Amino acid sequence: MALPHAPASAPLAPTDEGEGGVRIQLSDLRRTFPGGLTVLEGLELEVAAGSFVALLGPSGCGKSTLLRLVAGLDRPDGGTLTFSPPLERTRGERAPIAYVFQDAHLLPWRSVLDNAALPLELAGVPGPERRAAARAVLEQVGLGDATARYPAELSGGMRMRVSLARALVTRPRLLLLDEPFAALDELSRSRLDEQLRALWRELGMTVLFVTHSIAEATWLAERVVVLSRRPARVVLDRTLELPRERVATLRTEAAFARESRLLHEALERGEAL
Amino acid sequence: MSTASARQALAPLAALVILLSLWEGIVRALAIPTWLLPTPSAIATAAAREARPLLDAALTTGRSALVGFALSAGVGVFAAVVLSSSRLLERALYPYTLFLQTVPIVAIAPLLVLWFGPGARAVAVSSFIVSLFPVIANTLTGLRSVEPALRDLFRLYGARRLATLWKLELPAALPHLFTGLRIASGLAVIGAIVGEFVAGFSEGSAGLGILVLSAYRQLRTDLLFAAVLAASGLGLLLFGAVSLAGARTLRRWHPSASSGGNPT
């Protein structure tokens, strides 16, 4: 399918890794920070392979903690977290999990191309191969002609797209995004949402998208999990009744408003818990 | 040079001309003897007459200062990397690096003569000791300034310790590192001159510190002024070279470098 900002024929470099998403199962997950603040307690969640799930909840409810646990950047104090197929990997292999932060967090001393190639570089992929892969993925996010530029020379939206390209360059089986476009203006944000969804349709990885925006969650995801205030519990787990083909004008349709209202009500219930 | 930057250069230049004229006028009007306060023209004449010994002395001091600076750059960055590698190590050792900052170099210079013998080597070590601390302190700050999210990113991608140091921490520390080097460049010259006061007497060529001392003993105040000017010129030269190297290195990415990007 054609992307909004990229030529249609921009395939990623072929990889030797298994394609497709990974299934995640969280069971009785608990995380208490030193000092006694319990952020997660008894959380149960199952995410199907290749699905696009939005985690929606109030600020500070533990969404980001949950994402960090799934990424392996933090350890739970209790409960289990299983992936199938398992995501264990040895050194030198490409990372199966990618993480996109709230800010682009690029390395300012590297060109756009070298930023996008970083994950492959750290995995020991040889120069020409990793640069070709980075170039292909930058092409895909519509930055094919900005490869030689530096982060300081880019707009916020462009930087975020480099960040997305960096996440996708390893062909991850699980893509985690922590309110990635929250700092952008409305227009850049909806464009990036569209691009992200198109990339997901094309690549088929599992996506966990954390946001506090109802509209963004509704437009992007197949399924939305609404979390309560800290410690986070699942208030609503809903597979949206919206067409698989999402267009920009969906945001003004009745079905969209109906789903948004349901999410809104769930958020309010979660606040009151 | 654009007209704007020409105008910018004009103001300090005009101030200098006015200041020198005042100095010249007052000293002549009050008939102050040259040995007490020479006129700018007398200093210029002395500098021209003694150009050769001045240049030789500046070269000698410059060499010592350069060796001292290079040592403190290398040792300072290495020490900062070692200290940053463990919280325990930093807590245990960092307080003692403060000695470098507070050590009265004049007081320990005789020790340097004892250990290294009089001459260029002791002078270079004096320059090194004086200029080491700002390199360690600033590089350490830089290494510590890496954003936590970027550390997470490197962890997520399974980066080895050395790769994280080489591809993340050291580049991220570069702006701070260059700040430390700029400070160290000026201090290296000061350390060399002070070292020469105590340890500079040896066979062969004498540095600016020696020239200052001998001009003072002979009450050739005009030559003394010329030597002091040469010393500060030397410091400026080193400072300028380090600043230039820093600006070129950071040109593409750091907002402190002059030619910033053009966001679109």
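Because the structure is predicted, anything quoted here is derived from the model rather than measured.

1. A closer look at the overall build of chain A
Looking only at helices and strands, chain A has 7 helices and 9 strands in total. C-alpha extents for chain A along the principal axes are approximately 55 × 45 × 35 Å. Counting the 273 residues in chain A, one finds 44% classified as buried. Considering only intrachain contacts with a sequence separation of at least 6, the fraction spanning at least 24 residues in chain A is 76%.

2. Here's the deal with the overall build of chain B
When you go through chain B residue by residue, the secondary structure sums to 10 helices and 0 strands. Starting at the N terminus and walking to the C terminus, you meet the elements of chain B as α-α-α-α-α-α-α-α-α-α. By principal-axis analysis of the C-alpha atoms, chain B measures approximately 75 × 55 × 25 Å. The buried share of chain B, taken over its 264 residues, is 37%. Restricting to contacts in chain B with at least 6 residues of sequence separation, those with at least 24 account for 77%.

3. Focus on the confidence of the model for chain B
Residues and elements named next belong to chain B. With 94% of its residues at a pLDDT of 70 or more, chain B has an overall mean of 89. The secondary structure element of chain B with the lowest average pLDDT is helix α4 (residues 87–102), at 85, and the one with the highest is helix α3 (residues 51–84), at 95. With pLDDT under 50 throughout, residues 257–264 is counted as low confidence; its partners more than four residues away or in other chains account for 15 contacts. Both confidence scores are given for the complex: pTM 0.82, ipTM 0.86.

4. Brief notes about the sheet that holds strand β4 (residues 78–84) of chain A
Within a sheet, neighbouring strands are paired by backbone hydrogen bonds and run either parallel or antiparallel to one another. Residue and element names in this part refer to chain A. Strand order in the open sheet formed by 3 strands is β2-β1-β4, and the pairing between neighbours is antiparallel. With partners counted over all chains shown, the strands left at the sheet margins are β2 (37–47) and β4, one partner each. Within this sheet the neighbouring strands show an average axis-to-axis angle of 15 degrees, counted without direction. In this sheet, β2 lies alongside strand β1 (residues 23–33) in antiparallel orientation, the contact comprising 7 bridges. The residue bridging Arg-31 from the neighbouring strand is Leu-40, located in β2. Helix α1 (residues 63–71) rests against β1, β2 and β4 of the sheet, and its axis sits at about 120 degrees to β1.

5. So, the interface of chain B and chain A
Taken together, the 21 residues of chain B in the interface contact 20 residues of chain A. Among the elements that take part in the side of chain B that touches chain A, helix α7 (residues 148–156) of chain B stands out by supplying 7 residues, more than any other. Among the residues making up the side of chain B that touches chain A, the classes are represented as 11 nonpolar, 6 polar and 4 charged.

6. Observations regarding unusual backbone geometry
Note: most peptide bonds trans; most residues except glycine with negative phi. Residues and elements named next belong to chain A. Of note, the amide linkage connecting Ser-84 to Pro-85 takes the cis form, showing an omega dihedral of -5 degrees. Residue placement: Pro-85 occurs in the loop between β4 and β5 (97–100). The residue after Arg-230, namely Pro-231, is reached through a cis peptide bond having omega -10 degrees. With respect to the helices, strands and loops of the structure, Pro-231 is situated in the loop between β8 (223–227) and β9 (234–239).

7. Here we look at the packing of helix α8 (residues 161–199) of chain B against helix α10 (residues 221–250) of chain B
Residue and element names in this part refer to chain B. Where α8 meets α10, the axes come as close as 9 Å, and the angle between the chain directions of the two elements is 165 degrees. When the axes of α8 and α10 are compared, the pair comes out roughly antiparallel. Judged by the sense of rotation from one axis to the other, the crossing of α8 with α10 is right-handed. Of the residues in α10, those in contact with Leu-174, Pro-175, Phe-178, Leu-181, Arg-182, Ser-185, Gly-186, Ala-188, Val-189 and Ile-193 of α8 are Ala-231, Leu-234, Gly-235, Leu-238, Phe-239, Val-242, Ser-243, Gly-246, Thr-249 and Leu-250. Tallied by class, residues from the contact of α8 with α10 come to 13 nonpolar, 6 polar and 1 charged.

Rules behind the numbers
Residues numbered from 1 in each chain as written. Chains lettered and ligands numbered in written order. Predicted model: local features only at pLDDT ≥ 70, side-chain atom pairs only at ≥ 80, totals over all residues. Helix = DSSP H or I, 4+ residues; strand = E, 2+ residues; numbered from the N terminus. Buried ≥ 20, exposed ≤ 12 C-beta atoms within 10 Å, placed from the backbone. Contact = placed C-beta atoms within 7 Å. pLDDT = per-residue confidence, 0-100. Pairing = 2+ DSSP bridges. Axes fitted to C-alpha atoms, helices over the stretch in contact; angles between N-to-C directions. Nonpolar A, V, L, I, M, F, W, Y, C, P; charged D, E, K, R; others polar. Parallel < 35°, antiparallel > 145°, perpendicular 65-115°, else oblique. Left-handed = near helix turned anticlockwise from the far one by under 90°.

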